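Read off the chains here:
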Amino acid sequence: VFEVWHSDLAARIGRLQTPHGVVETPAFVPVVHPVRQTVSTQFLKKMGFDLVITNAYITLCHYGDEARRRGIHDIINFDGSVMTDSGGYQVLEYGSVKVEPETMAQFENDIKSDIPIPLDRPTGYGLEYEKAKEYVAITLKNALESLRVINDNTGAIWVAPVQGAEHFDLVEYSARELDTMGFEMMALGSPVELMEAYEFAMLARMIVSAKRVIPAKPIHLFGAGHPLTIPLAIALGCDTFDSASYMLYAKDNRYMTPNGTIRLDELSYLSCQCPVCSSHTVQELHKMETDMRTIEIAKHNLHILKAEVEAVKQAIMDGRLWEYVMQKARAHPKLMEAAQIFKDVEMLEEGTPLFKEKAIFFYDPIDQHRPEAKRFRRMVTTFQSSKMKKKKKLILCPEDEIHPFYSTTSYKDIVKKFPDAQVCSYSPFLGIIPAEISDIFPASHNLATKSDHKLEDYPTFVESLKSFADKFEKILIIAPDDFMRQAAKATRLNAHLVDDISAL
Ligand SMILES: [Zn+2]
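What this report covers is the structure whose coordinates are included nearby.

A closer look at the overall build of the protein
- Broken down by element type, the protein carries 22 helices and 20 strands.
- Considered along the principal axes of its C-alpha atoms, the protein spans approximately 90 × 55 × 40 Å.
- Across the 504 residues in the protein, those meeting the buried criterion constitute 55%.
- Considering only intrachain contacts with a sequence separation of at least 6, the fraction spanning at least 24 residues in the protein is 70%.
- With the model as given, the accessible surface of the protein reaches about 22400 Å², and the carbon-plus-sulfur share is 51%.
- Each charge sign in the protein was given a centre, from 57 positive and 69 negative side chains, and these centres are 5 Å apart.

Structure (structure tokens):
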């Protein structure tokens, strides 16, 4: 059902096979109203959206048997893949829906939904723990009952709704239970309130809680239609995400930009070059009749969302998703806050290739936590315990512009003078780099800022230096910069510092 082609961090470029074709992921899934859709589904298809989501509950209430006869694709006039939500949102809005889970599942079957979702009970946000636990239990029970009517021969991908919201242990619990039931795909119920309040850090933790339990299966994220949440959600492993934001924002005269939204009356220039923006001025948009303007802004918003997904996909191909996410994090302090989670999520390592064609970039202290850097430090530990002969002298010298370190003249000069010593260079981001493995990625494949790094920002460096230097009787540090001087002092290294090798 789901094949992965490329990955970086926990993000993946994959293909989802549905009865109505192949959907390349990650994919933004526009919400389509089964009765009152204003931006035509034909337009969505032409824009390149191969998957849309619509509401089965509204379809049932409005069309009933007609929908069973015609099928959902005909009802919404879309020949791509269709995902159907079953009314969970209506539960959230109006308290309850008068339909049984089995009836709903049967209906989704009958209307030939490609990616149906059983009736769930969203926890929303701010629900007390016991109540949330009860809703999770209801959702699990509904999922189990829906399974009874699910017909495996249709090729439809049934998606299990994972609830729990900010109660992360409940998120983990429900993901595990649904995984055991055998669902092929999961959907994370993400509270709209979290997105509205820019609580990206909480959103990130919620995704990680589920992803840990179900690392391989495709994951859908509900309601993620803000340009800022897209890179974060994809990097943490979400494959599809739906939203009606393009339309809701448009109705509110909110114009999306790659970094957020802006109200039309605050807009002076159209920096976007989509068909809407390149054929109108701000004044023309203002003068338009309301309905017409809403559609035009909605179309523009769709372009922004699509472009964001494509940019993230290109970053995955380039092996520069970490750089992209960190760059994007600068767009909003709340996003920067959320990006801190990348420091200690182990699962990011699995999807990160062992070797990348392009050099990786190190800018800020957070970059010492990149999966590539963590992996390299681990490799150094192995080198220490297995490859290092009984050398007594350690010589440390700063990184050269030229990579790998063992090909530099300074390295060759040192070895001539001290053939028995273990020679290493070092980097605040990677730690100690033994010359013998200085050609291994990313030691030889990185570009780092050389500006004055502060030692206290690099705990991984202190750790790396301490454990490496520990094994030696004599330590010689050549041309130490301030960073190394501080490090030698902080680790109480019994080292001899010299400015130049020729002085020896
Ligand atoms: Zn535009």
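Here's the deal with the coordination of the zinc ion
- Donor atoms from the polypeptide that coordinate the zinc ion comprise Cys 272 (SG), Cys 274 (SG), Cys 277 (SG) and His 300 (ND1), at 2.1 to 2.3 Å from the metal.
- Each of the four donor atoms around the zinc ion contributes to a set of angles spanning 99 to 119 degrees, which defines the coordination as tetrahedral.
- Counting gaps between the donor residues of the zinc ion yields the pattern C-x1-C-x2-C-x22-H.

Considerations on the pattern of salt bridges
- Summed over all chains, the structure comprises 27 salt bridges.
- One salt bridge connects Lys 141 with Glu 145, and the closest N-O pair in it is separated by 3.4 Å. Residue Lys 141 and its partner Glu 145 are both found in helix H7 (residues 129-149); the two are separated by four residues, about one turn of the helix.
- Given a relative accessible area of 52%, Lys 141 falls into the exposed group.
- Owing to a relative accessible area of 14%, Glu 145 belongs among the buried residues under this scheme.
- In this structure, Arg 263 and Asp 265 form a salt bridge, with 3.8 Å as the shortest nitrogen-oxygen distance.
- On the basis of relative accessible area, Arg 263 is assigned to the partly exposed category, the value being 35%.
- Judged by relative accessible area, Asp 265 falls into the exposed class, the value being 54%.

Observations regarding helix H16 (residues 321-329)
- In terms of burial, H16 is largely enclosed, as eight of its nine residues are buried.
- Every buried residue of H16 is accounted for by Leu 321, Trp 322, Glu 323, Tyr 324, Val 325, Met 326, Lys 328 and Ala 329.

Let's talk about the sheet that holds strand S17 (residues 431-434)
- With mixed pairing, five strands are arranged side by side in an open sheet as S17-S16-S15-S19-S20. The open sheet has two edge strands with one neighbour each: S17 and strand S20 (495-498). Ignoring which end each strand starts from, the neighbouring axes of this sheet average 30 degrees apart.
- Taken together, the four bridges between strand S19 (residues 474-478) and S20 define a ladder with parallel strand orientation.

Description of the packing of helix H8 (residues 168-181) against helix H10 (residues 200-213)
- In the contact formed by H8 and H10, the axes pass within 8 Å of each other and the chain directions differ by 35 degrees. As for the relative orientation of H8 and H10, their crossing is right-handed in sense. Between H8 and H10, the contacting residues are Phe 168, Val 171, Glu 172, Ala 175, Arg 176 and Asp 179 on the first element and Met 202, Arg 205, Met 206, Ser 209, Ala 210, Arg 212 and Val 213 on the second.

What counts and what doesn't
- What you see as residue numbers is a count from 1 along each chain, following the sequence as written.
- Since the coordinates come from a predicted model, pLDDT governs what is reported: local features require at least 70, and pairs of side-chain atoms require 80 or more to be given and counted, while whole-chain, interface and lining totals use all residues.
- Each side-chain value is worked out from all heavy atoms of the structure, with water and hydrogens disregarded.
- Strands here are runs of E lasting at least two residues and helices are runs of H or I lasting at least four, both read from the DSSP assignment and numbered beginning at the N terminus.
- Categorising residues by exposure relies on relative accessible area from a 1.4 Å probe, with only protein chains included: less than 20% of the type maximum marks a residue as buried, more than 50% marks it as exposed, and the intermediate range marks it as partly exposed.
- Should any heavy atoms of two residues lie within 4.5 Å, those residues are counted as being in contact.
- Values of accessible area rely on a 1.4 Å probe in the Shrake-Rupley scheme; residue burial ignores everything except the protein chains shown.
- Residues counted as positive are Lys and Arg, residues counted as negative are Asp and Glu, and His and the chain ends are not counted.
- By convention, the charge on Lys lies at NZ, on Arg at CZ, on Asp at CG and on Glu at CD.
- Note that water is not among the atoms used; donors are N, O and S atoms within 2.8 Å of the metal (3.2 Å for Na, K and Ca), so sites may look incomplete.
- Working rule for geometry: tetrahedral if four donors all subtend angles between 85 and 135 degrees; square planar for four, octahedral for six, if opposite donors exceed 155 degrees and the others stay between 65 and 115; irregular in every other situation.
- Any carboxyl oxygen of Asp or Glu that lies within 4 Å of a side-chain nitrogen of Lys or Arg is treated as forming a salt bridge with it.
- A pair of strands counts as paired when DSSP detects no fewer than two bridges linking them.
- Axis definition: a line fitted to C-alpha atoms, limited for helices to the stretch in contact. Angles are taken between N-to-C directions and run from 0 to 180 degrees.
- By convention, the crossing between two helices is left-handed when the near helix turns anticlockwise from the far helix through less than a right angle, and right-handed when the turn is clockwise.

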